[in-house]
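Listed below are the residues making up each chain.
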Amino acid sequence: ASSFVPWVNPSQDILSLAIFAGIAVLVIACPCALGLATPTALMVGSGLGAEQGILIRNGEAIQTMKEIKAGVFDKTGTITKGRPEVTDIVVTPLFPPLPKEDERGVDELLRYAASLEAGSEHPLATAIVNSAQDKKIRLGSLTDFTAIAGHGVSGKIDGKSVIVGNRKMMSDSGIDFSAVINDLHRLEDEAKTAMLVAVDGKIAGIIAVADTLKEDSVKAIEELKEMGLVTVMLTGDNKRTAEAIAKKVGISRVISEVLPQDKVSEIKRVQMEIGMTAMVGDGINDAPALTQANVGIAIGTGTDIAIEASDVTLVRGELSGVVSAIRLSRATFKKIRQNLFWAYFYNTIAIPIAIFGLLHPVIAEAAMAFSSINVITNSMRLRKAKL
Ligand code: ADP
Ligand code: MG
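Now for a quick tour of the structure. (Residues numbered from 1 in each chain as written. Chains lettered and ligands numbered in written order. Predicted model: local features only at pLDDT ≥ 70, side-chain atom pairs only at ≥ 80, totals over all residues. Heavy atoms only, no water.)

## Thoughts on the site of ligand 1
Link 1 in the chain: Of all residues adjacent to ligand 1, which total 17 residues, the nearest are T76, E117, H122, G150 and G236.
Link 2 in the chain: Here an oxygen atom of ligand 1 sits 3.2 Å away from a polar atom, N or O, in the side chain of T76.
Link 3 in the chain: At a separation of 2.5 Å, a nitrogen atom of ligand 1 approaches a polar side-chain atom of E117.
Link 4 in the chain: Computed on the free molecule, ligand 1 has an accessible area of 550 Å², of which 93% lies beneath the protein chains in the complex.
Link 5 in the chain: Grouping the constituent residues of the shell around ligand 1 by class yields four nonpolar, 11 polar and two charged. (Near = heavy atom within 4 Å. Polar contact = N/O pair within 3.5 Å; in protein donor to acceptor, adjacent residues only side chain to side chain. Areas by Shrake-Rupley, 256 points an atom, 1.4 Å probe, with all protein chains shown as cover. Nonpolar A, V, L, I, M, F, W, Y, C, P; charged D, E, K, R; others polar.)

## Some details on the sheet that holds strand β11 (residues 277-281)
The strands making up a sheet associate through hydrogen bonds between their backbones, and the pairing can be parallel or antiparallel.
Link 1 in the chain: Across the sheet, which stays open at both edges, the seven strands sit in the order β1-β13-β12-β11-β2-β9-β10 with mixed pairing between neighbours. In the strand order of this sheet, the two ends are held by β1 (54-56) and β10 (253-255), each with one partner. Between one strand axis and the next, the sheet turns through 20° on average, direction left out of account.
Link 2 in the chain: Of the pairings in the sheet, the one linking strand β2 (residues 70-74) to β11 comprises four bridges and is parallel in character. What sits directly across from A70, in β11, is T277.
Link 3 in the chain: This element, helix α14 (residues 320-355), spans β1, β2, β11, β12 (295-299) and β13 (312-314) of the sheet and lies at about 50° to β1. (Pairing = 2+ DSSP bridges. Helix = DSSP H or I, 4+ residues; strand = E, 2+ residues; numbered from the N terminus. Axes fitted to C-alpha atoms, helices over the stretch in contact; angles between N-to-C directions. Contact = heavy atoms within 4.5 Å.)

## Some remarks on the coordination of the magnesium ion (ligand 2)
Link 1 in the chain: Coordination sphere of the magnesium ion (ligand 2), protein contribution only: D74 (OD), T76 (O) and D282 (OD), at 2.0 to 2.3 Å.
Link 2 in the chain: Here the donor residues for the magnesium ion (ligand 2) map to a single chain with the spacing D-x1-T-x205-D. (Donors = N, O, S within 2.8 Å, 3.2 Å for Na, K, Ca; no water.)

This is the structure in structure tokens:
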């Protein structure tokens, strides 16, 4: 009887055919292409990310990022450049020794505040100290310095007690600041961070700073919203300033006046309410929140501690990196799915053919290699993905 299998000699017995078929099945079913499908795409994906300044420090992040529902952003240094500058100084009539209109009163207030802030490393402190330096103001001697995280600083300048901080800092120190409340609201509505200054137990004035948005913040937030993410701003700054900045940048939700130690529980709340959450931050006090989030994204220009706590680091420090990172994750997983499809497709077609002895082992071997190469080249095409 002539065999329907061309390469099996009709004189050969059924046993030879079975051996041939067995070898072909083994070669075909060897999961080479399947095994390559995921790692090759991940490798090309993380390489592409690195080229774009997106460093993936934790492999799981590239998988999680495509499922992110909420993006939480720190304000200072993340949405804004983090280099605030003094824009306004308001002096109250209560502040001796000079009348309100006298320019020297402004310098005197700045001198007290800057002498105190010289003890702090906060960006707000730096802004005040720099402003005094620009004006060539000689700083007084600082003693009894205390910093209260998220509230402000206090100490003695040339023996006089000085406090610089927010509303909470003043009310906790028993200082009535009603004399400057209108100025305070006005400055905050202008998206400025207004710090109250008290000298000798009385409200002396306000020093306001403004921080400029990073060039691409508005566009990045808009794109994230288009991608279906809920955008949230998380900041220790007061409600008015935070809302004014959120409005400028287009962020939908604001969580303000959050103490550094409470950032983690705010992330947990967002995770419960919205789902998978990415936190983007730059500061030391963002580190625990970066760890709590499903994906922690650190701004590469930020502190080492934030970078250390992150899953993804954006080397260039621009928010558009968040958009690219999510696109990268989506593109990589699309690739993985394609690869798996082709690897399975090939196996499901080839295995039955091989079982019936219709596939010569050498051809099976060639097809095998082709399938692996196909998966690799398909992964390589990920390099062309638009991020
Ligand atoms: P952010 O989240 O913007 O980094 P923080 O939590 O560090 O803010 O501080 C919250 C608020 O506390 C500031 O907006 C400021 O009003 C006040 N504050 C904190 N540190 C200082 C400081 N060194 N000098 C004056 N005010 C401060
Ligand atoms: Mg910050």
